[in-house]
Amino acid sequence: MKLLTILGATGSIGCSTLDIVARHPEQYSVYALAANRNVDKMLDLCREHNPRYAVMSDEASAAALAAALGGTGCEVLAGEAGLAEVAAAAEVDTVVAAIVGAAGLLPTLAAVRAGKRVLLANKESLVMAGALFMEEVRRHGAELMPVDSEHNAIFQCLPDGAIGRAAAALGVQRIILTGSGGPLRDIDLAEFERVTPEQACAHPNWDMGPKISVDSATMMNKGLEMIEACWLFAVDADDIEILLHRQSIVHSLVSYRDGSVIAQLGNPDMRTPIANALAWPERIDSGVEPLNLLQVSQLDFTLADETRYPCIALARQAWQRGGTCMAVLNAANEIAVERFLQGSIGFNDIASTIDEVMQRTECGPANDLQQILEADRAARRLAGAVIEARS
Ligand code: NAD
Ligand code: MG
């Protein structure tokens, strides 16, 4: 029996994970669930999955949940200390890191430092703190399992033990990262400035939380994923090719020196990469429909146009500048996406805000957490000021 902590339990990845767990009650059991402030949803999840601990991000939500749970034996914790506690608890085997954004960094690191199997959905933590994060994985013998569908696909196309090892030493010539192109792929570029949050969140192939949905529309998601792949597979951004693949069936590919190209295919359902990361090296039922290639019938690939999607170029620039520049990119993006979702800036302002923040920031080394968190805070302040000054 494996005991699980699920950080971000009420979200899209959290719920997909719980769906798999419920299919295998003899193999997996929930130790702790953690979420931000959605008390009602957390209450439903706790009643269904009976965790020993539930964590809410603030005291008021935690108190409301504790009152509603009354007498069930589930202990409710609050805030960062609660998150770190359930991520590192001795009984826990596996931690699902599915909080969205920079808020996921500290609890994910707590799980890494406790040497857990860490199912990483929270790509922002790796983007912000990649060098330090991977060093902690090595030092504490954590088992890092990529959940992002592309990175899980690449993981499956590489030999065992490839995480954190230079891909070139494994005969890899390049990594091909695929992306659907998001909800705006067929919309005229001139229309972009009028794109609404509803349009940006209506992804054609994947059902995801609002932040990553907007990231898919700007394709910052692919930029973040490029950086994520650089850290996970110890490659340079130049070794990664981004291809648009509208069907979202080929989740990514690895091209080897001998001319072999290995791909992972499947229906676009996050339960496949989650189940792979949960059970690896075993394979368990995920509830995902088998892929019917005859029904798909056609697989298209085109180049990603970086004038249409400037966020990809901004991410590449952040990787090349290195150090805290990736934390700056991530923080500016989080603020810009939040403001776009609130309706206070336009769609094109997302990329231009990030660009301005990056140009106005002098980035430094990212050797310790303090430097990274300070860069994150400063970039958030600057992004807010840039948006303010323009309105
Ligand atoms: P979501 O918005 O659906 O869920 C986010 C979860 O994080 C919620 O449970 C929320 O309560 C929790 N959360 C937010 N702030 C928190 C805080 N301060 N403290 C504690 N909990 C907090 O997001 P999602 O789509 O599930 O994405 C989660 C992560 O997985 C993101 O990093 C995303 O990039 C990544 N990811 C998602 C998908 C997908 O298909 N949804 C695919 C690949 C990667
Ligand atoms: Mg992805």
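Described in the following lines is the structure provided in the data block.

Rules used in this analysis
Residues numbered from 1 in each chain as written. Chains lettered and ligands numbered in written order. Predicted model: local features only at pLDDT ≥ 70, side-chain atom pairs only at ≥ 80, totals over all residues. Heavy atoms only, no water. Helix = DSSP H or I, 4+ residues; strand = E, 2+ residues; numbered from the N terminus. Polar contact = N/O pair within 3.5 Å; in protein donor to acceptor, adjacent residues only side chain to side chain. Donors = N, O, S within 2.8 Å, 3.2 Å for Na, K, Ca; no water. Buried < 20%, exposed > 50% of the residue type's maximum accessible area, 1.4 Å probe, protein only. Pairing = 2+ DSSP bridges. Expected span 1.5 Å × (residues − 1). Right-handed = clockwise from strand over helix to strand, strands pointing away.

### Some points on unusual backbone geometry
Along the chain, Trp280 connects to Pro281 via a cis peptide bond; the corresponding omega equals 10 degrees. Within the secondary structure, Pro281 is located in the loop between helix H11 (271-279) and helix H12 (293-296). Backbone geometry places Met219, a non-glycine residue, at a positive phi of 65 degrees. Residue position: Met219 is located in the loop between helix H9 (210-218) and helix H10 (220-232). Notably, Ser248 is not glycine yet its phi reads approximately 50 degrees, a positive angle. You can see Ser248 is positioned in the loop between strand S9 (240-244) and strand S10 (250-256).

### Comments concerning the side chain of Glu225
Within the fold, Glu225 resides in helix H10. Polar side-chain contacts of Glu225 include one of 2.9 Å to the side chain of Lys123.

### Structural notes on the coordination of the magnesium ion (ligand 2)
At 2.1 to 2.2 Å from the magnesium ion (ligand 2) lie its protein donor atoms, namely Asp148 (OD), Glu150 (OE) and Glu225 (OE). Going along the chain, you hit the donors of the magnesium ion (ligand 2) in the pattern D-x1-E-x74-E. Here Glu225 lies in helix H10 and Asp148 lies in the loop between strand S7 (143-146) and helix H7 (149-157), a separation of 77 residues in the sequence. Owing to a relative accessible area of 8%, Asp148 belongs among the buried residues under this scheme.

### As for the sheet that holds strand S8 (residues 172-179)
Sheet architecture is open: five strands sit in the order S11-S10-S8-S9-S12, paired in mixed fashion. Lying at the two open borders of the sheet, with one neighbouring strand each, are strand S11 (261-265) and strand S12 (302-303).

### Observations concerning helix H13 (residues 310-321)
Residues that lie three or four places apart on an α-helix share one face, since the helix turns once every 3.6 residues. A rise of 1.5 Å per residue sets the reference length of H13, with its 12 residues, at 16 Å; its end C-alpha atoms lie 17 Å apart and thus fit the reference within 8%. Taken together, the buried positions of H13 are Cys311, Ile312, Leu314, Ala315, Arg316, Ala318 and Trp319. Backbone geometry just after H13 places Gly322 at a positive phi near 75 degrees.

### Digging into the pairing of strand S6 (residues 117-120)
Two faces, one strand: in a regular strand the side chains alternate between the faces of the sheet. Burial along S6 is two-sided: the residues Arg117 and Leu119 and Val118 and Leu120 are all buried. Bridge analysis of strand S5 (residues 94-97) against S6 gives four bridges, and the strand direction is parallel. In the sheet register, Ala97 faces S6, and the bridge partner there is Leu120. Taken together, S6, helix H6 (residues 123-140) and S7 form a β-α-β motif whose crossover is right-handed.

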